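# Coordinate inspection notes
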Amino acid sequence: MIRNRLITGLAAVAALGMGLAGCGTEGTSNNTASNTATSSNEVVKITYMHRLPDKAGMTLVNDIVAEWNKANPNIQVTATKFDGKASEMIKKLETDVKAGTAPDLAQVGYAELPEVFTKGLLQDVSAEASKYQSHFASGPYSLMQVDGKTFGLPQDTGPLVYFYNKAEFEKLGITVPKTQSELIETAKKAAAAGKYIMSYQPDEAGNMISGLAGASGGWYTVKDNAWVVNTETAGSKAVADVYQQLIDAKAVTTNPRWDTSFDATLQDGSLIGTVAAAWEAPLFLDSSGGTGAGEWQVAQLGDWFGNSGKTGPDGGSGVAVLQTSKHPAEAMKFLDWFNTQVEGLVSQGLVVAATTEDAKTPKDWADFFGGQDIMAEFKTANGNMGDFTYMPGFSAVAAAMNTTAAKAADGSGKVSDIFSEAQKTSVETLKNLNLSVAQ
């Protein structure tokens, strides 16, 4: 699964005044490629740059595109894979837009979108996007927007859900908590038996913890061409309170997610429950080393952080229309079709944002998760995702949150410090980028 992380931007909000570019014919059904024609009956050529895995055993992007091209002779698409890091791709896109050689479409992480927006690389395609809005979950769709304008369509998602070992829960006589008080009480009961139903992951503070807090309300908005920042929301305070209680009670693991020590807690059977992004499902097969295979399940988050049944994002990406595209309507027509090729995209390891058909759970995932249709759970989570957007330079904020989170893990700080640091770093980062910040 692709991890999408933002790098620091270096431009002002020149793109706020970008006008709507291009209009086209109404889109047709997105489930089956259909013949289309331009008004001049000339062939429109569209280019698409992506970072999808495209590995053996997957339905290759070029094969999916070939299906479109066969059915749409007047809109021909060429896809290219970028093998470098996300930050490197953004730099290339910036250079190519200036040179007029950029692709029409490019994969952009949700956390990266505000940066490429402020760099003036994106085209406002709100009118075209609205034709296809019903094909995608509302939360991911909103992540392709800045200041009320839409710049593309969502492709894959990372809604936060709850992974737990059902067999171990049954042995302890516990169930998945529904409320905040139940979560804390259940965590303490499990810890007394040497088991942990929650993990506090310092290296995921900028992503998972921001997503948990964002389930109750976003942190960043744009008003009158200025960024409004509030990272210390009621949701943030609830997340801080819950995790602090769990840490103080020693009822939570504190191993970094991307450290081997986290894998060890799965393999020795001590960690039997954790909040995780949906795309982590296949990673659990490897991290667990087979421990608990067939016993794990996926559930929706309880109302643990004042989130009222909502969840938040951790990762995922969409595809945006670049500012230099001369055929935005045709690009969006193809993009809607491509991003709703559910079976092919699932083969790439994606949890799709499309709602046009139900994704099938891969067999090895189903085997590990006790035969459960976890894709159905992820679809529910997509529909329950709150509206959360990112700011330019969010990577700097995430890094500061991770550093602060580590101090809470070792007892030299508090979980609440994560959100005050996020506020401070957010404002500083925006100002360093010469962006207006509302006071």
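The paragraphs below set out a description of the structure included in this document. Please read these numbers as outputs of a predicted model, since none were measured by experiment.

## Some words on the packing of aromatic side chains
Evaluated as defined, the whole model comprises 24 aromatic pairs. Arranged with centres 6.1 Å apart and planes meeting at 10°, the rings of Tyr-243 and Phe-305 form a pair that is stacked. Here the residue Tyr-243 occupies a position in helix H9 (residues 234–248), and Phe-305 occupies one in the loop between strand S10 (296–299) and strand S11 (313–321), the gap between them amounting to 62 residues. Plain terms: the ring middles of Phe-368 and Phe-369 are 5.1 Å apart, the flat faces sit at 75° to each other, and that makes the pair edge-to-face.

## Observations regarding the environment of Asp-263
Relative to the helices and strands, Asp-263 is located in helix H10 (residues 260–267). Asp-263 sits 121 residues away from Ser-142 along the chain, and the two C-alpha atoms are 33 Å apart. When residues no more than four places from it in sequence are discounted, the contact partners of Asp-263 are Arg-257 and Ser-287. Among the polar contacts listed, one links the side chain of Asp-263 to the side chain of Ser-287, at a separation of 3.1 Å.

## Remarks on the pairing of S11
Within a regular strand, side chains alternate between the sheet's two faces. Judged by how many residues are buried, S11 sits mostly within the fold: 9 of 9 residues are covered. Judged from the 5 bridges that link them, strand S3 (residues 105–109) and S11 form a sheet pairing that is antiparallel. Residue pairing across strands places Val-108 opposite Gly-318, the latter belonging to S11. Sheet analysis places strand S6 (residues 152–165) next to S11, joined by 6 bridges and oriented antiparallel. Considered in S11, the bridge of Thr-157 is made with Gly-316.

Scoring rules and cut-offs
- Residues numbered from 1 in each chain as written.
- Predicted model: local features only at pLDDT ≥ 70, side-chain atom pairs only at ≥ 80, totals over all residues.
- Heavy atoms only, no water.
- Phe/Tyr/Trp six-rings, centres within 6.5 Å; stacked < 30°, edge-to-face > 60°.
- Helix = DSSP H or I, 4+ residues; strand = E, 2+ residues; numbered from the N terminus.
- Contact = heavy atoms within 4.5 Å.
- Polar contact = N/O pair within 3.5 Å; in protein donor to acceptor, adjacent residues only side chain to side chain.
- Buried < 20%, exposed > 50% of the residue type's maximum accessible area, 1.4 Å probe, protein only.
- Pairing = 2+ DSSP bridges.

Purely geometric numbers; function is a separate question.
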